[in-house]
Amino acid sequence: MFTGIIKDVGRVSGASRQNGGLRLRVQYGNAEEFSNLSVDESVSINGACQTVVSLGDGWLEVQSVEETLKKTTLGSLRHGSLVNLERAVRPIDRLGGHFVLGHVDCAASVDEIRDLGSSREIWISFSERFSPFIVSAGSITIDGISLTVAVLERSRFAVAVIPYTFAHTTINALKPGSFVNLEFDILGKYVARQLGTVARSLEADSLMDEAWLREQGF
Ligand SMILES: Cc1cc2nc3c(=O)[nH]c(=O)nc-3n(C[C@H](O)[C@H](O)[C@H](O)CO)c2cc1C
Ligand SMILES: Nc1c(NC[C@H](O)[C@H](O)[C@H](O)CO)[nH]c(=O)[nH]c1=O
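Residues numbered from 1 in each chain as written. Chains lettered and ligands numbered in written order. Predicted model: local features only at pLDDT ≥ 70, side-chain atom pairs only at ≥ 80, totals over all residues. Heavy atoms only, no water.

Note the cut-off: UniProt positions are given in the numbering used here, feature names are shortened, and annotations may be inferred rather than shown by experiment.
Named according to an unreviewed UniProt entry, the chain is Riboflavin synthase originating from Chlorobium phaeobacteroides. Its UniProt record gives the chain the following Catalytic activity (unreviewed entry) comment, quoted word for word: "2 6,7-dimethyl-8-(1-D-ribityl)lumazine + H(+) = 5-amino-6-(D-ribitylamino)uracil + riboflavin". According to the UniProt record, the Pathway (unreviewed entry) comment for the chain reads "Cofactor biosynthesis; riboflavin biosynthesis; riboflavin from 2-hydroxy-3-oxobutyl phosphate and 5-amino-6-(D-ribitylamino)uracil: step 2/2."

## Quick notes on the packing of aromatic side chains
For clarity, the threshold we go by: Only Phe, Tyr and Trp rings are paired, with Trp represented by its six-membered ring, and only when their centres lie within 6.5 Å; those with planes under 30 degrees apart are stacked, over 60 edge-to-face, the remainder tilted. Strands are runs of DSSP state E lasting at least two residues, helices are runs of H or I lasting at least four, and both sets are numbered from the N terminus onward. For each residue, the accessible area found with a 1.4 Å probe, counting protein chains only, is set against the maximum for its type, and the residue is called buried under 20%, exposed over 50%, and partly exposed in between. A positively charged side chain is recorded as over a ring if its NZ (Lys) or CZ (Arg) lies within 6 Å of the ring centre. The angle to the ring normal must also be within 35 degrees.
Tallying each qualifying case throughout the model produces four aromatic pairs. Summarising the aromatic geometry, the rings of Phe-126 and Phe-157 are spaced 6.0 Å apart at their centres and angled 45° between planes, so their arrangement reads as tilted. Taken together, the residues span a long stretch of sequence, with Phe-126 in the loop between β8 (120-125) and β9 (139-142) and Phe-157 in strand β11 (residues 156-161) at a distance of 31 residues. Of the residues examined, Phe-126 reaches a relative accessible area of 7% and is grouped as buried. Centre to centre, the rings of Phe-133 and Phe-184 are 6.0 Å apart; their planes meet at 25°, and the pair counts as stacked. Placement of Phe-133 in the loop between β8 and β9 and of Phe-184 in strand β12 (residues 179-184) is noted, with a sequence separation of 51 residues between them. A connected cluster of aromatic rings, assembled from ring pairs, spans Phe-130, Phe-133 and Phe-184. In this arrangement the basic side chain of Arg-25 is found over the ring face of Trp-59, its NZ or CZ atom lying 3.6 Å from the centre. Over the ring of Phe-166 we find Arg-120, and its NZ or CZ is 3.8 Å from the ring centre.

## Topic: the site of ligand 2
This is how the line gets drawn: For each residue, the test is whether any non-hydrogen atom lies within 4 Å of the molecule or strand; if one does, the residue is near. The definition of a polar contact used here is a pair of N or O atoms within 3.5 Å, where within protein one atom must be able to donate a hydrogen and the other to accept one, and adjacent residues in sequence count solely through side-chain atom pairs. Residue type decides the class: Asp, Glu, Lys and Arg count as charged, Ala, Val, Leu, Ile, Met, Phe, Trp, Tyr, Cys and Pro as nonpolar, and the leftover types, Gly among them, as polar.
The environment of ligand 2 is made up of 13 residues, and the closest members are Ile-6, Ser-146, Ala-160, Ile-162 and Thr-165. For ligand 2, a nitrogen atom lies 2.8 Å from a polar atom in the backbone of Ala-160. One of the backbone nitrogen or oxygen atoms of Ile-162 is found 2.8 Å away from an oxygen atom of ligand 2. Sorting the residues of the shell around ligand 2 by element identifies β10 (145-152), β11 and α2 (163-168) as the ones contributing at least two each. Per-element accounting of the shell around ligand 2 gives the leading share, four residues, to β10. Grouping the constituent residues of the shell around ligand 2 by class yields eight nonpolar, five polar and no charged.

## What to know about the sheet that holds strand β1 (residues 8-18)
Note: strands within a sheet are paired through backbone hydrogen bonds, in either parallel or antiparallel orientation. Heads up, the rule is: In this description, strands pair whenever DSSP reports at least two bridges between them. Under this scheme, a helix contributes an axis fitted over its contacting stretch, all axes are lines through C-alpha atoms, and angles between N-to-C directions fall in the 0 to 180 degree range.
The strand order around the closed barrel formed by six strands is β1-β2-β5-β4-β3-β6, and the pairing between neighbours is antiparallel. Each neighbouring strand pair of the sheet contributes to a mean axis angle of 45°, computed without reference to strand direction. Pairing analysis gives four bridges linking strand β3 (residues 42-45) to strand β4 (residues 48-56), with the strands arranged antiparallel. Directly across from Ser-44, in β4, lies its bridge partner Cys-49.

As structure tokens, this is what we get:
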């Protein structure tokens, strides 16, 4: 579990194919943040939860499996790519962002970037099948960063990026056409599931009523 508050931007220093997967080595910058990191801990790399399998002087390694490469942008990382890093939360941490599981839902593309002077608006296109999970003023995770949906349209939404976030994450490298990892807020997923279940049980109730009515000869 993460909060989407990015604590470091790391640099990929190794990316080698391993059967169908990828072994990534990431050099972190914030040595204090990662000082007591251990093998088998979870780290968020651009929003995808990954297990640390090896550690060295200022670097960590993870193995990205096929499922991760299919759903996220991790497969496009190259030597020198910059990535957002976050360690898993401890139960005593301040939440700051929102509950981020590190399970990327999909990759989506940047549609437009508008410079508004004191902030930047970043527009992301999304497949309409995900629209139940995006609400105006709700939380969304883009490349692991906890952000707020500022404007919502039918198949795209915008986030307003403040100068601090712009300076301390990889969001400053995005261009129209760049791909990003999206994770929708878990709250929306549970609500959608519940509504689906209620709808199905109402359907079942009405079917039962019809059967009962037939039984009664109506
Ligand atoms: C605790 C945890 C550890 C994970 N470790 C890995 C991992 O080491 N390698 C990997 O490819 N995917 C891992 N995943 C799955 C990965 O985050 C997921 O496939 C992508 O986010 C796409 O949904 C992990 C997920 C969780 C929740
Ligand atoms: N919710 C928004 C944030 N939140 C803060 C960032 O998550 C944070 O600055 C980053 O993770 C680095 O630590 N920032 C925005 O620019 N816009 C938001 O809507």
